[in-house]
Amino acid sequence: MKVRKAVIPAAGLGTRVLPASKAVPKEMLPIVDKPAIQYIVEEAVASGIEDILIITNRGKSLIEDHFDHAPELEDKLRSSGKQDLFDQVVSLAHLCNIQYVRQKETRGLGHAVGCAKSFVGNESFAVLYGDDVVISPPEKPAIGELIAVHETYGKSVVGIKEVPDDLLRSYCTLGVKPVQNAVYEVFDMIEKPLPEEVISNFAILGRCVLTPDIFELIENTPPSRNNEVQLTDAMRTLAKRGDMMGIAYTGKRYDMGNKLGILQATIEVGLTHPEIGTGLRAYLKEIASTL
Ligand code: UTP
């Protein structure tokens, strides 16, 4: 079944990047010259998504402003002949059909996805975590790779990567069986595992395609770690009944909910940026020699 809709949960508190995220949503923190959430929306559009729902909360109206017209700014750019910037700014209002819904209490990622029920209806949909930016070759946007697996197998799909032992406890651990190339069957998953619960070093990193039966599972999922409704707990039922696949997607994922992740993304994207790449490379070489 074709996947046309995407949900971007962006209603978390972002405590790991405070105080930066006190008034500015962490999803709006920039990588060079674009906020994180713009990379994510562009990935969805490049993957054939037509409708996006962003889950927000109080204080996240900057996200709505970013994907809207800014008449004064547009007039100024046009009248001063800055056509390239004008085109970039205007195009943001036309990237995709974007809607918003508020998660009224911060009750976890599972609860946030549950807020998308009436938007999604009875079709499979993509989920792109609002603080996980994946930089991929243009022909392989990460969520597009998951959608292709969904179209082949008709099951839910998670985007996975192997992560070092010390990171597993902040993510989740997956039971996987290889199927072909980077595609796996996922038969179990445990959120934020204790060392004795670790099944493998594979974890879900920021992307899923879910069948609509996930909503009933979310409704029946009690809060667990951090007293939040965990999406992983709801997806575990799909895995246990043989309805979950995984793909180790090609792109590199950056955790924008984490200070080091933000710096890594900034440096790596900056190095390839046409305007500042050369200058940044020279600067990094200069300071690296002093470290
Ligand atoms: P995180 O667990 O990284 O978000 O959720 P967080 O709660 O903001 O992080 P910390 O631990 O306080 O720093 C992953 C994604 O899910 C969203 C977040 O905005 C992020 O994009 N989320 C999380 C929600 O939309 N609602 C929630 O209740 C929790």
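Residues numbered from 1 in each chain as written. Predicted model: local features only at pLDDT ≥ 70, side-chain atom pairs only at ≥ 80, totals over all residues. Heavy atoms only, no water.

Asker: Honestly, the sheet that holds strand 10 (residues 183-191) in this entry has me stumped. Any pointers?
Answerer: Spatially, 5-4-1-6-11-8-12-10-9 is the arrangement adopted by the 9 strands of the open sheet, whose pairing is mixed. Each end of this open sheet is capped by a strand with a single partner; those strands are strand 5 (97-102) and strand 9 (172-180). Taken pair by pair, the neighbouring strands of this sheet meet at an average axis angle of 30 degrees, ignoring direction. In the packing of helix 7 (residues 142-153) onto the sheet, the strands contacted are strand 6 (125-128), strand 8 (156-162), strand 9, strand 10, strand 11 (202-210) and strand 12 (244-247), and the crossing angle to strand 11 comes to about 65 degrees. Across the sheet, helix 10 (residues 231-240) is in contact with strand 8, strand 9, strand 10, strand 11 and strand 12; its angle to strand 10 comes to roughly 135 degrees. (Pairing = 2+ DSSP bridges. Helix = DSSP H or I, 4+ residues; strand = E, 2+ residues; numbered from the N terminus. Axes fitted to C-alpha atoms, helices over the stretch in contact; angles between N-to-C directions. Contact = heavy atoms within 4.5 Å.)

Asker: Would you mind going over the state of the cysteines with me for this structure?
Answerer: In protein chemistry, a disulfide is the covalent bond that joins the sulfur atoms of two cysteines. Evaluation of the coordinates by the stated rule reveals 0 disulfides. Summary of cysteine pairing: Cys-172 is not part of a disulfide, and the nearest cysteine sulfur, belonging to Cys-208, is at 9.4 Å. (Disulfide = S-S within 2.5 Å.)

Asker: Could you clarify how one ought to interpret the site of the ligand in this entry?
Answerer: Taken together, 18 residues form the shell around the ligand, and within it Gly-12, Gly-14, Thr-15, Gln-103 and Gly-108 come nearest. Residue Lys-26 places a side-chain N or O atom 2.9 Å away from an oxygen atom belonging to the ligand. In the model, an oxygen atom of the ligand is placed 3.1 Å from a nitrogen or oxygen of the Asp-131 side chain. Out of a free accessible area of 580 Å², the ligand has 86% covered by protein chains. Partitioned by chemical class, the residues of the shell around the ligand number 6 nonpolar, 7 polar and 5 charged. (Near = heavy atom within 4 Å. Polar contact = N/O pair within 3.5 Å; in protein donor to acceptor, adjacent residues only side chain to side chain. Areas by Shrake-Rupley, 256 points an atom, 1.4 Å probe, with all protein chains shown as cover. Nonpolar A, V, L, I, M, F, W, Y, C, P; charged D, E, K, R; others polar.)

Asker: Honestly, the nonpolar core in this entry has me stumped. Any pointers?
Answerer: Within soluble globular proteins, side chains that are nonpolar generally end up buried alongside one another. Counting 82 residues, the largest nonpolar core has Ile-52, Ile-214 and Met-235 as its most contacted members. Element by element, the count of residues in this core is highest for strand 11, at 7 residues. Not counting residues within four places of it along the chain, the set of residues in contact with Ile-214 comprises Phe-125, Leu-231, Ala-234, Met-235 and Leu-238. (Core = buried A, V, L, I, M, F, W, Y, C linked by side-chain atoms within 4.5 Å. Buried < 20%, exposed > 50% of the residue type's maximum accessible area, 1.4 Å probe, protein only.)

Asker: Got a minute to help me understand the packing of helix 11 (residues 259-271) against helix 12 (residues 277-288) in this structure?
Answerer: Helix-helix packing is characterised by the crossing angle of the two axes and by the distance between the axes. Running from amino to carboxyl end, helix 11 crosses helix 12 at an angle of 120 degrees, the nearest separation of the two axes being 7 Å. As summarised for this structure, helix 11 and helix 12 are arranged oblique, according to the angle between their axes. Contacts between helix 11 and helix 12 involve Thr-266, Ile-267, Gly-270 and Leu-271 on the former and, on the latter, Gly-277, Leu-280, Arg-281 and Leu-284. A per-class count over the contact of helix 11 with helix 12 returns 4 nonpolar, 3 polar and 1 charged. (Parallel < 35°, antiparallel > 145°, perpendicular 65-115°, else oblique.)

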